[in-house]
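# Secondary and tertiary structure notes
Here are the chains, one letter per residue:
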Amino acid sequence: NKILIITETHGNEKIGTKIMQKIKCNNNFDWIIGNENASKLNKRYIKFNMNRIAPGNIYSKDYEAKRIAEILKISKKYKFVIDVHGTNARSGIFVIITNPTIQNILLAFSLPIKNIVIWSPKGKKKGPITKFVNCGVEIECGSQNTVNTEKELLKTLKLVSRKGINFNDINFSQKNIFKVYRKLLDNNSSGKLRLKDFKKVILEKETFYPLLSRQYKDTVCYKMVKIDFNKLLSY
């Protein structure tokens, strides 16, 4: 039941590291910093976005490509991997499933987090770290520089570190499940929208749930559809 917790896969997302420094080590988990070089410079990455280039290359001369491969090698020693990220969007804390296998879905549901997002780019040979581990998900935290978000993440990771992961404790009825299907680009009409993450909106007869609103340049938000548990099993 050993868990590997990764923080700062993006070196400017400090919230995970800040919280893990407050949690006492025990036999349930180990913790590593993903992009150590970018962390020292407080930059998202040095040359390559580490959460886009997995599985990397252990023989690469580029630090980030080699570091990803090293992390995936380390992850093989663990039953579960949790990659903690931070965002400036006011999203609250939610889980991202990058590879919707049964094991990863159960891991996501076992965490004490209400909102679960399936975000799995299809047809790409490279991608997020958690797409290439045995069983892993991401925890996204927003906005990362607020006291409330830090308190929520501390409470969540303390519970996980103390109790471990137990698939028998899952309550499926208490979860909201979403799937990212597209993004809304910034234009004259959409650029003026006031959106709130996970709150339903209707735009030009299209109903969707926004995610990471105003987080990325030229993108208003990502669009999500809400799905029920029975439909989730089809993935």
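Just so it is clear, the model here is predicted, and its values are computed rather than measured.

Calculation criteria
- Here the residue index of a chain counts from 1 through its sequence in written order.
- Only residues with pLDDT of at least 70 are given local features in this predicted model, and only at 80 or more are side-chain atom pairs given and counted; all residues enter the totals for whole chains, interfaces and linings.
- To get the side-chain values, take all heavy atoms of the structure and skip hydrogens and water.
- Secondary structure follows DSSP: runs of H or I at least 4 residues long count as helices, runs of E at least 2 residues long count as strands, and numbering of each begins at the N terminus.
- For every residue, the accessible area obtained with a 1.4 Å probe (protein chains only) is divided by the maximum for its type, and the residue is called buried under 20%, exposed over 50%, and partly exposed between those limits.
- Should any heavy atoms of two residues lie within 4.5 Å, those residues are counted as being in contact.
- Within 3.5 Å is the distance limit for a polar contact, defined as a pair of N or O atoms, with the added protein rule that one can donate a hydrogen and the other accept it, and that residues adjacent in sequence qualify only through two side-chain atoms.
- Here the expected span of a helix is defined as 1.5 Å times the quantity of residues minus one.
- Cavity and pocket criteria rest on a 1 Å grid covering protein atoms alone: a 1.4 Å probe that fits but cannot get out defines a cavity, protein on both sides within 12 Å along at least 5 of 7 lines defines an open pocket, and an atom within 4 Å of a point defines a lining residue.
- Grid points are joined across faces, edges and corners, and a volume is the space filled by probe spheres set on the points.
- Classification convention: Asp, Glu, Lys, Arg as charged; Ala, Val, Leu, Ile, Met, Phe, Trp, Tyr, Cys, Pro as nonpolar; all other residues, Gly among them, as polar.
- Definition used in this section: a nonpolar core is a set of buried Ala, Val, Leu, Ile, Met, Phe, Trp, Tyr and Cys residues joined via side-chain atoms within 4.5 Å.
- A pairing counts as a salt bridge when a side-chain nitrogen of Lys or Arg comes within 4 Å of a carboxyl oxygen of Asp or Glu.

## A look at the environment of Thr87
Structurally, Thr87 is set in strand 3 (residues 80–87). Of the residues examined, Thr87 reaches a relative accessible area of 2% and is grouped as buried. Sequence separation between Thr87 and Ile15 is 72 residues, and the spatial gap between their C-alpha atoms is 9.3 Å. Setting aside its immediate chain neighbours within four residues, Thr87 contacts Glu140, Cys141, Gly142, Ser143, Gln144, Leu212 and Gln215. Here Ala89 takes part through its backbone nitrogen, which lies 3.1 Å from a polar atom of the side chain of Thr87.

## Regarding helix 3 (residues 63–75)
The end-to-end C-alpha separation of helix 3 is 18 Å, in line with the 18 Å expected for 13 residues at 1.5 Å each. Among the structural elements, strand 1 (3–7), strand 2 (29–33), helix 2 (36–41) and strand 3 are those in contact with the buried residues of helix 3.

## Concerning the layout of surface pockets
Size it by volume and the largest pocket reaches roughly 440 Å³. Surrounding the largest pocket, 23 residues form its lining, Asn51, Arg52, Trp119, Pro121 and Pro128 being those nearest its centre. Elements supplying a minimum of two residues to the lining of the largest pocket: strand 3 and strand 6 (136–142). Looking at which element gives the most residues to the lining of the largest pocket, the answer is strand 3, with three residues. Its residues assigned to classes, the lining of the largest pocket comprises seven nonpolar, eight polar and eight charged. In this structure, the second largest pocket spans a volume of roughly 300 Å³. In this structure, the second largest pocket is lined by 17 residues; those nearest its centre are Ser110, Leu111, Pro112, Leu159 and Asp169. In terms of residue count, the dominant contributor to the lining of the second largest pocket is helix 5 (residues 147–163) (three residues).

## Quick word on the nonpolar core
Counting 34 residues, the largest nonpolar core has Ile3, Leu111, Ile139, Leu153 and Leu157 as its most contacted members. Of all the elements in the fold, those that place two or more residues in this core are strand 1, helix 1 (15–20), strand 3, strand 4 (92–97), helix 4 (102–110), strand 5 (115–118), strand 6 and helix 5. If we skip the residues at most four places from it in the chain, Ile139 touches Ile82, Asp83, Val84, His85, Ile93, Phe94, Leu111, Ile113, Leu153 and Leu157.

## Some points on the pattern of salt bridges
If charged atoms from side chains of opposite charge come close, those side chains can pair. In the structure shown here, the tally under the stated rule is seven salt bridges. Note that Glu13 is salt-bridged to Arg44, the shortest N-O span being 3.2 Å. In this pair, Glu13 sits in the loop between strand 1 and helix 1 while Arg44 sits in the loop between helix 2 and helix 3, placing the two residues 31 residues apart along the sequence. Salt-bridge contacts for Arg182 lead to Glu206; the nearest nitrogen and oxygen are separated by 3.7 Å. Here the residue Arg182 occupies a position in strand 7 (residues 176–185), and Glu206 occupies one in strand 9 (residues 206–211), the gap between them amounting to 24 residues. Among the ionic contacts, a cluster of salt bridges with common partners joins Arg182, Glu206 and Lys223.

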